[in-house]
Amino acid sequence: MSADEELDSSQSAEIAAGDRPGFDTSVAHSARVHDYWLGGKENYAADRAAGDAVIAAYPGIVMSVRANRAFLARVARFLAAEAGIRQFLDIGTGIPSANNTHEVAQAVAPDARVVYVDYDPVVLAHARALLDSSPEGATDYIDADFRNFDAILLQAARTIDFSRPVAVMLIAVLHLIGDDDDPYGIVSALMDAVPAGSYLALSQVASDIQAEQMAEAAKRYNRMARETQRHRSHPEVARFFTGLELLPPGVVPVQQWRPRSDFEAQSKSAMWGGVAQKA
Ligand SMILES: C[S@@+](CC[C@H](N)C(=O)[O-])C[C@H]1O[C@@H](n2cnc3c(N)ncnc32)[C@H](O)[C@@H]1O
């Protein structure tokens, strides 16, 4: 299927799903704005305008999204190398960038199986870069809305054996899920669907790091973007791990989660991150 055909098919899926983004370049989309901050090419004028509005309010955003990508890579490496995880469910994948989850996990464990989930048609159009699995492992891509988690679990079962431990990765996606959509209930339902020994890894944009700048950034972004942002405080982020065993160092700014060097630890971000295990 060509990228254009993939976009067409996702647009018809969008009509069926109702609230999912279609391919619209007139308004900023989180996947494309994130790509802009990361220096990618899959973004349009509206995305760059929203991205620049955030940079004007909080100049640290570019360093923050990079620190978050480094967190993603460290977490995937930790889970594959030290925790022995071989199955990953990565929801809110984003436009492929450096160090996608399967690349990091399969570099350590070639038999790792990774299922990606995103609802943006531009991510779908680039999904083939995510399907480039090692021969021993497997990757799959599900074009679905995170809030429709029952459908995600059903489709993920093509690749993931839900009787064995799974790492649920929610990296920089929960700030796009408003309180009305019950993000705590969704996370808890996902963790109910995986067996003991599974992990939850997440990062979320903070409301209480650089609080004034972040509040202004959210205000500007929310005026220009299709998906609004809900920043959360440390206690609100810690609440996602309720009932799980939080691994040291706990919920910390993403650059402080098991950094590989002082240089990495001294980076700056306005994102909380953590990893926990289901007992
Ligand atoms: C900020 S990007 C993060 C990408 C990647 N996880 C990272 O940390 O680099 C958020 C991604 O979540 C996706 N997303 C937002 N809301 C979603 C939803 N309700 N269902 C599925 N994907 C969603 C967006 O399309 C976007 O690609």
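Presented here is a report on the structure given in the accompanying data block. The structure presented is a predicted model; accordingly, all values stated were derived computationally and were not measured. (Residues numbered from 1 in each chain as written. Predicted model: local features only at pLDDT ≥ 70, side-chain atom pairs only at ≥ 80, totals over all residues. Heavy atoms only, no water.)

Here we come to the site of the ligand. Neighbouring residues of the ligand: 21 residues in total, closest Gly92, Asp118, Asp145, Phe146 and Ile171. Note that a nitrogen atom of the ligand is positioned 3.4 Å from one of the side-chain N or O atoms of Tyr119. Within the backbone of Phe146, one N or O atom sits 2.7 Å away from a nitrogen atom of the ligand. Protein coverage of the free-state accessible area of the ligand, which is 600 Å², stands at 98%. With respect to the detected pockets, the ligand is housed in the largest pocket. Elements represented by at least two residues in the shell around the ligand include exactly helix 2 (30–37) and helix 4 (61–81). Considering each element in turn, the shell around the ligand owes the most residues, three residues, to helix 2. (Near = heavy atom within 4 Å. Polar contact = N/O pair within 3.5 Å; in protein donor to acceptor, adjacent residues only side chain to side chain. Areas by Shrake-Rupley, 256 points an atom, 1.4 Å probe, with all protein chains shown as cover. 1 Å grid on protein atoms, 1.4 Å probe; cavity = no way out; pocket = protein on both sides within 12 Å on 5 of 7 lines; lining within 4 Å. Sits in = over half its atoms within 2 Å of the grid points. Helix = DSSP H or I, 4+ residues; strand = E, 2+ residues; numbered from the N terminus.)

Assignment of secondary structure puts Val252 in strand 7 (residues 252–253). The exposure class of Val252 is buried, given its relative accessible area of 12%. Between the C-alpha atoms of Val252 and Met271, which are 19 residues apart in sequence, the distance is 8.2 Å. Those residues in contact with Val252 that lie beyond four places of it in its chain are Trp257, Met271, Trp272 and Gly273. (Buried < 20%, exposed > 50% of the residue type's maximum accessible area, 1.4 Å probe, protein only. Contact = heavy atoms within 4.5 Å.)

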